[in-house]
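# Observations on chain architecture
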Amino acid sequence: PLSRMRVTISAAAAATAAAYAALLGLATTPPAATAFSSLSMTATTSGGVGGGGGADGGKTSSSSSRLPTPPRIKKTANWNEAAALSKKFRDEKVSDSDRKTVAIIGGGLSGLACAKYLSDAGHVPAVYEARTVLGGKVSAWQDDDGDWIETGLHIFFGAYPNVMNLFEELNIEDRLQWKPHRMTFAVADRPGEFTSFEFPPGVPAPLNMAAAILTNTEMLTLEEKVRMVPGLLPMLLEGQSFIDAQDELSVLQFMTKYGMPERINEEIFVAMGKALDFIDPDRLSMSVVLTAMNRFINEADGSQTAFLDGNQPDRLCKPMAEHVEGRGGKVLTGKPVASIELNDDDNTVKCLKLANGEEITADLYVSAMPVDVIKKLIPAPWSAMPYFRQLDELEGVPVINIQLWFDRKLTSVDGLCFSRSPLLSVYADMSVCCDEYASLTNSMLELVFAPCSPVAGSDKNWIAATDDEIVSATMKELERLFPSEIGPMAPGGGAILTKGTVVRVPRSVYAATPGRNKFRPCQDSPIDNFVMAGDFASQKYLGSMEGAVLSGKLAAEVVCDRAAGRTTRGKMKGIEADGRAVHEERRPVGVRGNFPIAFGGGQQGSGSDVSHP
């Protein structure tokens, strides 16, 4: 079940007082930074804050120079809840007679997390990943130049309690490169300038966010800040119940209901929507924005970000796989599942049939596949069941990830930036932010191109465009955003692009359009030996790395409870009335092809002629 997140009346009163403080003119106006330069609220520096930017600053030499994990992260209620669930697995006393073999379909974060916690509990998981690389939506691979090509720009937030517990449990916390606590945005009407919301250290929540908002007047006026309060107060006072109820409204519908001015959408919600779900606000459920804001307001370091110090398959997925294998489990790649075979008498799973004809049997089975893939494999007798038929209402949203290498070092922010571009969502100079890409002489920008399809709000289907078209459009945007460093207006013609890569993900995280939450299945399926994982399955962190890990963790809990004969914690989630209608059975279409997109992954190039995993 979803946990209710509440704050005290005094915290809500503090947020309200902050808004009225703004009304009284207590806010200060910060200076704007030029080009890519990082912004301090007291000074603008060209070399960046926290070790970024400039000819002498872009390389972090070792983990010893990194910021530590913010200590308050481990004092939140959500951290404690995540830690308690981890402990439940370690405390599980599985006898030989209760020990189960578990076949897990999918080697992304959800499947690996499920296997990790099942192995902690003493069960014997086996992960079957279709591709030859682990990670799913966070997968990466090396090209012929030896460069790592990533499926997406993946950022870790302090408000990811299950992910943070996972890093601690695997003893790899030092692989996180924490950045100074700020949120940096391009100034929409002044190309080349940035402004930041700076979170003062040591100030408790929600006062630190109030201070960050009040000390920045580049993006919202005092009146606009105050007019946000009526829509946010119910979130603070009522918590998760209010957030869930807003799922039926788009961001724009919510704004109209609570009288928020349009500029709040233009200045804040467009950037948030594109970063959270790659969708424009007129198509995005308000519950997505409120979920993020609730975590950021309630947790002092919830919005602080960290980069992994290298590629995810090696630096995160590999330790998870080694943990599983060290406890008797298996993690296998290059094992696509062709079908789920059923027992004739009760429609439980008989075996998994792999594409090579091999049959895999286990005591229990877990799907950790993307929603668009599992829908293709649902056996005919299951297809009429409301639990499985509701998946028709969910589908992945398209997104494109771009990496651009330049012939020189750009003056860069050490952290994530919101581009405020109609084509681009967020970006980072990875030569500054991540050790594996560190360079003193050259920048590599990684950018999220979103929305990239009409279904997400774009006026063009960029997924179908050529790589050259996508890179060219991206460079045009960078010339507009950063005219002093890129493009013909820059001295000497500006930085020269030496290499560009494009990774398309036609079906990424589930599209969180209004009304989708009610169709997200719980992990506890109606099939006795089948459990559902994946970031689209019901959990409170939406389609994210945290959501994927938590969903896998909850699926492992269902397996443990079933194995022990206990009542599963999450009783069957209700199905919408139209979902209970009588449906005819459908034969599964199966997964067609053996290339990354077929399995829900990201892909360079198009069609089936793909050279990478």
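Here, the structure is the one placed above.
Conventions used here
Residues numbered from 1 in each chain as written. Predicted model: local features only at pLDDT ≥ 70, side-chain atom pairs only at ≥ 80, totals over all residues. Heavy atoms only, no water. Helix = DSSP H or I, 4+ residues; strand = E, 2+ residues; numbered from the N terminus. Buried < 20%, exposed > 50% of the residue type's maximum accessible area, 1.4 Å probe, protein only. Contact = heavy atoms within 4.5 Å. Areas by Shrake-Rupley, 256 points an atom, 1.4 Å probe, with all protein chains shown as cover. Lys, Arg positive; Asp, Glu negative; His and termini not counted. Salt bridge = Lys/Arg side-chain N within 4 Å of Asp/Glu carboxyl O. Polar contact = N/O pair within 3.5 Å; in protein donor to acceptor, adjacent residues only side chain to side chain. Pairing = 2+ DSSP bridges. Axes fitted to C-alpha atoms, helices over the stretch in contact; angles between N-to-C directions.

A few words on the overall build of the protein. A count of helices and strands for the protein gives 17 helices and 21 strands. For the protein, buried positions account for 61% of its 613 residues. Counted over contacts in the protein with a minimum sequence separation of 6, partners at least 24 positions apart contribute 72%. Accessible area of the protein: about 22900 Å², with a carbon and sulfur share of 53%.

Along the chain, Lys553 falls in helix H17 (residues 545-563). Within the buried core, Lys553 has no salt-bridge partner, and the shortest N-O distance to an opposite charge, that of Glu169, equals 4.8 Å. Within the structure, Lys553 has its side chain in polar contact with the backbone oxygen of Ala82 (distance 2.9 Å). The contact partners of Lys553, leaving out residues within four places of it in the chain, are Ala82, Leu85, Ser86, Phe89, Tyr117 and Asn162.

Right, let's talk about the pattern of salt bridges for a bit. The tally for this structure, following the rule as stated, stands at 40 salt bridges. Residue Asp414 pairs with Lys179 through a salt bridge whose shortest N-O separation is 2.9 Å. With Asp414 in the loop between strand E16 (399-406) and strand E17 (417-418) and Lys179 in the loop between strand E7 (176-178) and strand E8 (182-186), the pair connects residues that are 235 residues apart, well separated along the chain. The residues Asp414 and Lys179 share a single accessibility class, namely buried. Residue Lys518 pairs with Glu248 through a salt bridge whose shortest N-O separation is 2.9 Å. Note that Lys518 is positioned in the loop between strand E20 (497-505) and strand E21 (530-532) and Glu248 in the loop between helix H7 (240-245) and helix H8 (251-257), a separation of 270 residues in sequence. Here the salt bridges share partners, and the residues they tie into one network are Lys88, Glu92, Glu557, Asp561 and Arg566.

Turning to the sheet that holds strand E3 (residues 124-128), a few remarks are in order. Sheet architecture is open: five strands sit in the order E11-E3-E2-E15-E21, paired in parallel fashion. The open sheet has two edge strands, strand E11 (330-332) and E21, and neither has a second partner. For this sheet, the mean angle separating the axes of adjacent strands, direction not counted, is 20°. Summarising the sheet, strand E2 (residues 101-105) and strand E15 (residues 364-367) pair through four bridges and their orientation is parallel. Looking at the pairing, Ile104 lines up with Val366 of E15. The sheet strands contacting helix H11 (residues 312-325) are E3 and E11, and the helix crosses E11 at an angle near 135°.

What the three strands build is an open sheet, ordered E12-E13-E14; its pairing is antiparallel. Each of the sheet's edge strands pairs with one partner strand only, and the pair in question is strand E12 (337-342) and strand E14 (359-360). Pairing of E12 with strand E13 (residues 349-354) involves five bridges; the strand directions are antiparallel. By the bridge assignment for E13, Ser339 is matched with Lys353.

When you line up the elements, Pro125 lands in strand E3. Its relative accessible area of 1% is what places Pro125 among the buried residues. The spacing of Pro125 and Val366 is 241 residues in sequence and 9.7 Å in space, taken between C-alpha atoms. Contacts of Pro125, omitting those with residues within four sequence positions, involve Val102, Ile104, Ala115, Leu118, Ser119, Val324, Gly329 and Lys330.

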